[in-house]
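Breakdown of the fold
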Amino acid sequence: QMTFAIIASAIISGAIAERMRFSAFVCFICLWSVLVYAPVCHWTWGPGGWIDELGAKDFAGGIVVHESTAVSALVLAGLLGPRLRCGQREQEDQPHNVPFAILGAALLWFGWS
């Protein structure tokens with residue numbers, strides 16, 4: 001369960017980049033894990049959960065992880081507003097570590113093949 005919770009927090013982190021301090025993000029994730037993620041897990045995977053009783057089958061965590069993080073990230077991005085440097089970029093962002101970018105692309109390509 002905690003692996004799914006950590007992956008969910010990583011998905012949300014994409015929505016708060018350049019919008020929130022790291023310490024605030026850690027506090028948010030701790031609260032979000034208890035107040036949002038745990039109830040959705042119980043509703044979906046737990047015995048007697050109302051989503052489970054509706055007949056939903058969530059074999060790979062699609063409802064719990066992706067649906068809850070997508071909605072949470074959208075709401076959080078809307079509440080926080082635009083990124084700090086939005087519209088103020090004098091030069092395009094350059095990749096910081098080209099070998100790691102190539103390694104990441106190779107891993108994704110290998111994983112999807």
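Attention in this report is confined to the structure presented alongside it. Just so it is clear, the model here is predicted, and its values are computed rather than measured. (Residues numbered from 1 in each chain as written. Predicted model: local features only at pLDDT ≥ 70, side-chain atom pairs only at ≥ 80, totals over all residues. Heavy atoms only, no water.)

1. Side note on the nonpolar core
Ala-8, Ile-12, Phe-25, Trp-32, Tyr-37 and Val-64 are the most contacted members of the largest nonpolar core, which has 13 residues in total. Taken together, the elements giving at least two residues each to this core come down to α1 (2–16), α2 (22–45) and α4 (62–80). Ranked by residue count, the leading element in this core is α2, at 6 residues. With near-sequence residues (within four places) excluded, Ile-12 lies in contact with Phe-25, Phe-28, Ile-29, Trp-32, Thr-69, Ser-72, Ala-73 and Leu-76. (Core = buried A, V, L, I, M, F, W, Y, C linked by side-chain atoms within 4.5 Å. Buried < 20%, exposed > 50% of the residue type's maximum accessible area, 1.4 Å probe, protein only. Helix = DSSP H or I, 4+ residues; strand = E, 2+ residues; numbered from the N terminus. Contact = heavy atoms within 4.5 Å.)

2. Digging into the side chain of Asp-58
Relative to the helices and strands, Asp-58 is located in the loop between α3 (50–53) and α4. Buried within the structure, Asp-58 lacks any salt-bridge partner; its nearest side chain of opposite charge belongs to Lys-57, at an N-O separation of 11 Å. A polar side-chain atom of Asp-58 sits 2.7 Å from the main-chain amide nitrogen of Gly-62. A polar contact is formed between the side chain of Asp-58 and the backbone nitrogen of Ile-63, at a distance of 3.1 Å. (Lys, Arg positive; Asp, Glu negative; His and termini not counted. Salt bridge = Lys/Arg side-chain N within 4 Å of Asp/Glu carboxyl O. Polar contact = N/O pair within 3.5 Å; in protein donor to acceptor, adjacent residues only side chain to side chain.)

3. Concerning the packing of α1 against α4
Between two packed helices, what matters for the description is the angle formed by their axes and the separation of those axes. Put simply, α1 and α4 touch, their axes get as near as 9 Å, and they point 30 degrees apart. Compared by their axis directions, α1 and α4 come out roughly parallel. Here α1 runs over α4; the crossing is right-handed. Contacts between α1 and α4 involve Phe-4, Ile-7, Ala-8, Ile-11, Ile-12, Ala-15 and Ile-16 from the first element and Val-65, His-66, Thr-69, Ser-72, Ala-73, Leu-76, Ala-77 and Leu-80 from the second. (Axes fitted to C-alpha atoms, helices over the stretch in contact; angles between N-to-C directions. Parallel < 35°, antiparallel > 145°, perpendicular 65-115°, else oblique. Left-handed = near helix turned anticlockwise from the far one by under 90°.)

4. Digging into a nonpolar patch on the surface
A contiguous nonpolar patch, built from Leu-31, Val-34 and Leu-35 and spanning about 330 Å² of accessible area, is present on the exposed surface. By the element assignment, Leu-31 lies in helix α2. (Patch = residues over 30% accessible without salt bridge, like charges linked within 9 Å, V, L, I, M, F, W, Y side chains within 5 Å. Areas by Shrake-Rupley, 256 points an atom, 1.4 Å probe, with all protein chains shown as cover.)

5. Digging into unusual backbone geometry
Although it is not a glycine, Glu-18 adopts a positive phi angle of roughly 60 degrees. Tracing the backbone shows Glu-18 in the loop between α1 and α2.

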